[in-house]
Amino acid sequence: MAVEDTQPLISHLIELRKRLLNCIIAIVAIFLCLAYFSNDIYQLVSAPLIKQMPAGASMIATDVASPFFAPIKLTMIVSIFIAVPVILYQIWAFIAPALYRHERRLVVPLLISSSFLFYIGMAFAYFIVFPLAFGFFAQTAPHGVQIATDINNYLDFVMALFMAFGVSFEVPVAIVLLCWTGVTTPEELKKKRPYVLVGAFVVGMLLTPPDVLSQTLLAIPMYCLFEVGVFFSRFYTGLRREESDEETE
């Protein structure tokens, strides 16, 4: 009897290993395709800062191996970002057998929108936040201070911002999931709008550099996305009720 009880667990572990291997293979394959262009990728990511630096200023490498490892590290991170749809699909393929028919139809749009919103968040950071933030930093530098950012420090800084904006733009998906699972309702969330607005600025303060501009540029989109999530959650809760009634019949 004990052996029979362990069969489902073993099969789940084998399936989980398969999905994890697929994710790793996808990331490695993308990395191998991009490795040759690692310096170009770093140049593209560093362009918002370089454009705001004074004439004659440039980035520096304080470690001997930084000119090699920083672009490679960035390329690996970019490979993971590009592989996000594959990763989400593998998660979906793993959990799909345990879902009801109506639940599968609701989850698929969420997975697609998750990838889309993640990339939109990163694009928002690159095209809007970076130029404004770096321009602000360059203009507020004390007189006589030469701007010369280390390539490793810059990489850590922009990756933190990419992740902060990418994850923060998932707010509508999180709101829909909370309403769909019954944790809260759109009506309750509407009553908490003032607290959500304050919370958005607190999150912006924690996830962004210590300047008001970056905090505001994250907080305002987060609150707008909250409203988007509340709007779409009404349709999901309605569909869930209808589909659940059909399943019971």
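Quick note: structure is the one above.
Attention here is on the structure that accompanies the text. (Residues numbered from 1 in each chain as written. Predicted model: local features only at pLDDT ≥ 70, side-chain atom pairs only at ≥ 80, totals over all residues. Heavy atoms only, no water.)

Moving on, we come to the overall build of the chain. Counting its secondary structure elements, the chain contains 10 helices and 0 strands. Its helices and strands taken in sequence order, the chain reads α-α-α-α-α-α-α-α-α-α from the N to the C terminus. Taking all 249 residues of the chain together, the buried fraction comes to 38%. Pairs at least 24 residues apart make up 84% of the contacts formed inside the chain by residues separated by at least 6 positions. (Helix = DSSP H or I, 4+ residues; strand = E, 2+ residues; numbered from the N terminus. Buried < 20%, exposed > 50% of the residue type's maximum accessible area, 1.4 Å probe, protein only. Contact = heavy atoms within 4.5 Å.)

Two elements in contact, helix H2 (residues 38–52) and helix H6 (residues 151–168), have axes whose closest approach is 11 Å; the angle formed by their N-to-C orientations is 85°. Overall, the two elements H2 and H6 adopt an arrangement that is roughly perpendicular. Seen from H2, the contacting residues are Tyr-42, Val-45, Ser-46, Pro-48 and Leu-49; seen from H6, they are Ile-151, Asn-152, Tyr-154, Leu-155, Val-158 and Phe-162. Considered class by class, the residues forming the contact of H2 with H6 number 9 nonpolar, 2 polar and no charged. (Axes fitted to C-alpha atoms, helices over the stretch in contact; angles between N-to-C directions. Parallel < 35°, antiparallel > 145°, perpendicular 65-115°, else oblique. Nonpolar A, V, L, I, M, F, W, Y, C, P; charged D, E, K, R; others polar.)

Applying the stated criterion across every chain yields a total of 3 salt bridges. With its nearest N and O atoms 2.8 Å apart, the salt bridge here joins Arg-19 to Glu-15. With Arg-19 and Glu-15 both in helix H1 (residues 2–34) and 4 residues apart, the pair spans about one turn of that helix. Assessed through its relative accessible area of 15%, Arg-19 is described here as buried. Note that Lys-73 is salt-bridged to Asp-156, the shortest N-O span being 3.1 Å. (Salt bridge = Lys/Arg side-chain N within 4 Å of Asp/Glu carboxyl O.)

All right, on to the nonpolar core then. With 54 residues, the main nonpolar core has Tyr-42, Leu-74, Phe-130, Tyr-154, Met-159, Phe-162 and Phe-165 as its most contacted residues. A per-element tally of this core places helix H5 (residues 101–139) first, with 12 residues. Residue contacts for Tyr-154: discarding those within four places in its chain leaves Tyr-42, Val-45, Ser-46, Pro-48, Leu-49, Met-59, Phe-134 and Thr-149. (Core = buried A, V, L, I, M, F, W, Y, C linked by side-chain atoms within 4.5 Å.)

Below, the discussion takes up the environment of Asn-152. Mapped onto the elements of the fold, Asn-152 is located in helix H6. Once residues lying within four places of it in the same chain are set aside, the contact partners of Asn-152 are Tyr-42, Asp-63, Ser-66 and Ala-70.

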